[in-house]
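# Remarks on the overall topology
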Amino acid sequence: MSLRAGIVGLPNVGKSTLFNAITKQKILAANYPFATIDPNVGVVTVPDERMDYLKELYHPDRFIPTTFEFTDIAGLVKGASQGEGLGNKFLSHIREVDAIVEVVRCFVDTNIIHVEGEVDPIRDIEIIGIELILADLEVIDNRLARVSKKAAMSKDKESMKEIELLERLKIVLEQNRPIRSLSFDEDELEILKPFHFLTQKPIIYMTNVGEEDILAGGNKYVDIVKEYAEKEGSEVILVCAKMESELADLEDEERQEFLLDLGLNESGLDQLIKATYKLLGLATYFTVGKDEVRAWTFEKGMKAPACAGIIHSDFERGFIRAEVMSFGALKECGSELKVKEAGKARLEGKEYIMQDGDICHFRFNV
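Below: a short report on this structure. The structure presented is a predicted model; accordingly, all values stated were derived computationally and were not measured. (Residues numbered from 1 in each chain as written. Predicted model: local features only at pLDDT ≥ 70, side-chain atom pairs only at ≥ 80, totals over all residues. Heavy atoms only, no water.)

### Considerations on the sheet that holds strand S4 (residues 67-72)
Sheet architecture is open: 6 strands sit in the order S2-S4-S1-S5-S6-S7, paired in mixed fashion. The strands lining the two open edges of the sheet, one partner per strand, are strand S2 (40-45) and strand S7 (235-239). Between one strand axis and the next, the sheet turns by 25° as a mean value, whatever way the strands run. Here 5 bridges tie strand S1 (residues 3-8) to S4, and the two strands are oriented parallel to one another. (Pairing = 2+ DSSP bridges. Helix = DSSP H or I, 4+ residues; strand = E, 2+ residues; numbered from the N terminus. Axes fitted to C-alpha atoms, helices over the stretch in contact; angles between N-to-C directions.)

### So, the pairing of S1
Most of S1 sits inside the fold, with 5 of its 6 residues counted as buried. In terms of strand pairing, S1 meets strand S5 (residues 99-105) through 4 bridges, oriented parallel. Note that in S5 the partner of valine 8 across the bridge is glutamate 102. (Buried < 20%, exposed > 50% of the residue type's maximum accessible area, 1.4 Å probe, protein only.)

### A look at the nonpolar core
What tends to happen in soluble globular proteins is that the nonpolar side chains get buried as a cluster. Ranked by internal contacts, the top residues of the largest apolar core, which has 54 residues, are Leu18, Phe68, Phe70, Ile94, Cys106, Tyr205 and Met206. Per-element accounting of this core gives the leading share, 6 residues, to helix H4 (residues 121-154). Look past the residues within four positions of methionine 206 in its chain and what remains in contact with it is Leu18, Val101, Glu102, Val103, Val104, Ile237, Val239, Gly268 and Leu272. Counting residues in hydrophobic clusters, the runner-up holds 19 residues, among them Leu137, Leu165, Leu166 and Phe184. (Core = buried A, V, L, I, M, F, W, Y, C linked by side-chain atoms within 4.5 Å. Contact = heavy atoms within 4.5 Å.)

### Here's the deal with the environment of glutamate 292
Tracing the sequence through the fold places glutamate 292 in strand S9 (residues 292-299). C-alpha separation for the pair glutamate 292 and aspartate 61, spaced 231 residues apart in sequence, amounts to 5.8 Å. Residues in contact with glutamate 292, not counting those within four places in the same chain, are Pro60, Arg62, Ile64 and Thr287. Polar side-chain contacts of glutamate 292 include one of 3.1 Å to the side chain of arginine 62. (Polar contact = N/O pair within 3.5 Å; in protein donor to acceptor, adjacent residues only side chain to side chain.)

What follows is the structure in structure tokens.
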């Protein structure tokens, strides 16, 4: 499964510059609103030191890390939910992603126009938040108008349950609270799935700062965003889009040296991927061999058959067992043979809950 994240924000906050940097795609980044009119999609590999070790150990014919798909979406302005700016076109693209990455301008630069006139990160966040809420309310109102009368006449239990849930969401949205602030049971989540509500999606705030502030660990604007995000349980990533752009032009070794010279452990992209995996409850397992070393993304809590199904539906349908060893055990022992000799290889059945770092060989019969 490839993770999809939409990069959003007001015009001129650094979205396209950041997108250029992390995907190494040179799309138009200009100092005026709507320089990005159509969504630009870039796929990057997920950095994982474990994959580097497996590559050196197996020297495979094919080496396939997991991927992270970014969609850069045109700048949003007030009134987008009513069609202002690029309006609903912008909002429809957000519905297709798994998580929202909101770039928040936390730097002052008189040479770069701010669409609202001055830097105020919380105002910017709330502008986007309100537009997403209004868009979700429109979806709910349209749905209720279509099904309420029919459900009242038929007394269909499923329809009544849907209406009850949507009316509960409407009350929350009208209080300017996002849907993600609520908790739902499995049945309710199934009802909500087809709607792709915008405010149900998890959000990460990427605070874009200047080079001096990235070295200082932030500034007063970043502190305000962190306080805001903490209240709603969201993540905050500190990034300098200009610096990420410089890093994108370097080879891996040079990039690492550059970061170390600055006293930084990892790039903004690496931080973003880790934060998004954590936010979405994702983990990685591996399949290895001379022909291929590959990483697979799964949701924490998934059982072995479902994880096997990520590779191919036949693997899940005809699942017999999984031969499993942990990455830690392989690295400690140095080879699969030594892992088995140490008694650290396991046979797991259908109820086994997969763990991050598992190395698996699935047995199946269809």
